[in-house]
Amino acid sequence: MFKDTKFLFFFLSITYITLVGGEDPYRFFDWEVTYGDIYPLGIRQQVILINGQFPGPEIYSQTNDNIIINVHNGLNTDEPFLITWNGVQLRGNSWQDGVSGTNCGIPAKKNYTYVMHLKDQIGSFFYFPSLGFQKAMGGYGGISILSRPGVPVPFLDPVKEYTLLIGDWYKTTTHSILKAKLDSGMELPFPDAILINGRGSSDGASFTVDQGKTYRLRISNVGLTTSLNIRIQGHEMKLVEAEGTHTIQNYYPSLDIHVGQSMSVLVAADQSPKDYYIAVSSRFTATTLTTTAILHYSNSEQKASGPIPTGPTEQFDWSMNQARTIRTNLSASGPRPNPQGSYHYGSIPVTRTIQLANSAALVGGKRRYAVNSVSFVEADTPLKLADHFKIDGVFTLGSIGDRPTGAAVHLDTAVMAADFRAFVEVVFENEEPTVQSWHLDGYSFWVVGMNKGKWSPASRNDYNLNDAVSRCTTQVYPNSWTAVYVALDNVGMWNVRSQSWERRSLGQQFYLRVYSPVESRRDEYPMPDNALLCGRAVKELSAKHNSGSINVSIFSELEE
């Protein structure tokens, strides 16, 4: 009987780590999730803290590390909690994805230990709460995965790295109020502000630099709905990485970063010693919200002054043209010491084309969002557990089709079947007047094309089949399309979602079940011993336990 949760944490970690990469280094984290009061906009607000911090602690790691995170849910007595790892690929391990389709929520006053192997990964990512609308109250933090020693990086080491978590923010007192508005059929209100690392302009964040040295800024848009633009007064930004891909090193006076996206830039502190504004503002909104932080030269004796640098006034064409310049640096190494561009995606035969069209509609008098006319509804049991225990009636494979149907929007627990090792073309089509932001858990994909108008097979003539950027989140501009290639080499149940949390919460998501009939442990890890069970999976566990086919001692301890 494990009465000491720290001992249980250690026991589970050591037991499971032999499966996820026992020869690689591992890092332990122990997180206490609670509510707390802060003043990001000058008024008291309740937010989600991790170890008393907002934003939460950064995960600073290296390629092939094993990451062990013990999460204690110290929220309200009836409020479950999950964290998802935006962009971390979790090779063969969707058991740790931390979304409602793969995991039961961590009950209040209980804990769960995430065990992840960062196999062959580098880059800038972030984590956040995935249940309900908890993301609106914080609980997010940065993830930095560095290359292993000996693997060349295509730029000189910066003196220091800073993580900038930027996003829209609401003054609303609790996330449940925002969720209730959505569930009642109302639209999400316009955000109240933009935050940088949890601070507004009145108490802005500050980043100290030494004159003549170069720094790396890892920037993630952790907001709910709003595309953002970032720029630094008097300085250009050299883009070097986007969600795990070393990019061609172009200089930018400002960068559009859409919801859920992450990028790394190098900034040279090569100006006269004073303070400079870092400005972040909303894009494609009727009213422009702007907030500032400070780039502080260590030998500065002058506060930031002059006009705050303004963002681009051009709209979608400007942003699309900039997006097309973000391409893979083919001369750079990836996580392994081989050329990053050696995987010639442009010459691989496509085995399947999937077209995904987003839409909005009223269903039962309430606003819903859909993909190919299907608006996702949560099941009573996580889909991964239902698949594992072969529980009928939780979901139906093929409940969302490969093409838009033009049919009326309807509700379903949408799951798309996919074959392991298929090479797939996915076309996101957007006929709505707002920018969409799409994400695929467990994967990166090559953004091979984007353009205005309707996609057709002839659009492939303009695809970038040489150095398209590989990333996990892509934007789709209004009345436009974006096409991606993805190699389905990661078995599991993976969430395909809008990164706009309003749209995702009201149905603009589905799950992609990537399946191998071999069911080998080489392709997918087994269900972890500490998996939390809920819904109909509890009955299945009980039946297997009574038949003697499974040991439930660890589950029993976690419930005490």
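Residues numbered from 1 in each chain as written. Predicted model: local features only at pLDDT ≥ 70, side-chain atom pairs only at ≥ 80, totals over all residues. Heavy atoms only, no water.

**Some points on the layout of surface pockets**
Okay, so step 1: Space inside the second largest pocket adds up to approximately 630 Å³.
Okay, so step 2: Taken together, 27 residues form the lining of the second largest pocket, with Thr225, Thr434, Val435, Ser500 and Glu502 sitting closest to its centre.
Okay, so step 3: For the lining of the second largest pocket, the residue count by class is twelve nonpolar, nine polar and six charged. (1 Å grid on protein atoms, 1.4 Å probe; cavity = no way out; pocket = protein on both sides within 12 Å on 5 of 7 lines; lining within 4 Å. Points joined across faces, edges and corners; volume = space filled by probe spheres on them. Nonpolar A, V, L, I, M, F, W, Y, C, P; charged D, E, K, R; others polar.)

**Quick notes on helix H2 (residues 175-183)**
Okay, so step 1: Among all positions in H2, only His175, Leu178 and Leu182 are buried. Buried residues of H2, seen end-on, are gathered within an arc of 65 degrees and therefore sit on one face of the element.
Okay, so step 2: Taken together, the buried residues of H2 touch strand S1 (26-38) and helix H5 (501-505).
Okay, so step 3: Just beyond H2, the residue with positive phi is Gly185, at close to 105 degrees. (Buried < 20%, exposed > 50% of the residue type's maximum accessible area, 1.4 Å probe, protein only. Helix = DSSP H or I, 4+ residues; strand = E, 2+ residues; numbered from the N terminus. Arc of directions from axis to C-beta. Contact = heavy atoms within 4.5 Å.)

**Observations regarding helix H3 (residues 316-324)**
Okay, so step 1: Looking at H3, one finds that the buried residues are Ser319, Met320, Gln322 and Ala323. Mapping the buried residues of H3 onto a view down its axis gives an arc of 160 degrees, with all of them on the same face.

**Regarding the sheet that holds strand S7 (residues 123-129)**
Okay, so step 1: A sheet is described by the order of its strands in space; here four strands give the open sequence S3-S8-S7-S5, paired in mixed fashion. Since the sheet does not close on itself, it has two edges, and those belong to strand S3 (59-62) and strand S5 (83-86), each with one partner. For this sheet, the mean angle separating the axes of adjacent strands, direction not counted, is 20 degrees.
Okay, so step 2: For S5 and S7, the ladder comprises four bridges, and the chain directions are antiparallel. (Pairing = 2+ DSSP bridges. Axes fitted to C-alpha atoms, helices over the stretch in contact; angles between N-to-C directions.)

**Brief notes about unusual backbone geometry**
Okay, so step 1: Between Phe54 and the following residue, Pro55, the backbone shows a cis peptide bond with an omega angle of -10 degrees.
Okay, so step 2: Relative to the helices and strands, Pro55 is located in the loop between strand S2 (45-50) and S3.
Okay, so step 3: A positive phi is found at Leu90, a non-glycine position, where the angle reads about 50 degrees.
Okay, so step 4: Relative to the helices and strands, Leu90 resides in the loop between S5 and strand S6 (111-117).
Okay, so step 5: Residue classification places Leu90 among the buried positions, given a relative accessible area of 1%.
Okay, so step 6: One non-glycine residue, Asn372, adopts positive backbone phi at about 50 degrees.

**Notes on the pattern of salt bridges**
Okay, so step 1: Under the defined criterion, the tally for this structure stands at 22 salt bridges.
Okay, so step 2: For Asp120, the salt bridge identified is with Lys119, shortest N-O distance 3.6 Å.
Okay, so step 3: The exposure class of Asp120 is partly exposed, given its relative accessible area of 25%.
Okay, so step 4: For Lys119, a relative accessible area of 40% puts it in the partly exposed group.
Okay, so step 5: Salt bridges here are not isolated pairs; linked through shared partners, they connect Glu161, Arg216, Arg218 and Glu241. (Salt bridge = Lys/Arg side-chain N within 4 Å of Asp/Glu carboxyl O.)

**Observations regarding the nonpolar core**
A general feature of soluble globular proteins is that nonpolar side chains tend to end up buried together.
Okay, so step 1: Ranked by internal contacts, the top residues of the largest apolar core, which has 112 residues, are Trp31, Ile69, Trp85 and Tyr114.
Okay, so step 2: Sequence-distant contacts of Trp85, defined by excluding residues within four places in its chain, comprise Trp31, Ile59, Ile69, Leu90, Gln96, Asp97, Tyr114, Met116, Phe126, Tyr127 and Ile143.
Okay, so step 3: Membership of the second largest hydrophobic core comes to 21 residues, among which are Phe54, Phe128, Tyr140 and Trp501. (Core = buried A, V, L, I, M, F, W, Y, C linked by side-chain atoms within 4.5 Å.)

**Some thoughts on the pairing of strand S8 (residues 141-146)**
Okay, so step 1: Taken across its six residues, S8 has five buried, putting it largely inside the fold.
Okay, so step 2: Here S3 pairs with S8 via four bridges, running parallel. Among the inter-strand pairings, Gln62 is bridged to a residue of S8, identified as Leu146.
Okay, so step 3: As judged from the five bridges shared by S7 and S8, these two strands associate in the antiparallel manner. Residue Ser124 lies in a different strand from S8, and its bridge partner there is Ser144.

**Notes on the state of the cysteines**
Okay, so step 1: Under the definition given, this model contains one disulfide.
Okay, so step 2: Paired through a disulfide, Cys104 and Cys534 show a sulfur-sulfur distance of 2.2 Å. Here the S-S torsion is close to -90 degrees, and the disulfide linking Cys104 with Cys534 is therefore left-handed. Highlighted residues: Cys104 in the loop between S5 and S6 and Cys534 in the loop between strand S34 (509-515) and helix H6 (537-546), separated in sequence by 430 residues.
Okay, so step 3: Note on Cys104: relative accessible area 6%, which makes it buried.
Okay, so step 4: Judged by relative accessible area, which is 23%, Cys534 ranks as partly exposed. (Disulfide = S-S within 2.5 Å.)

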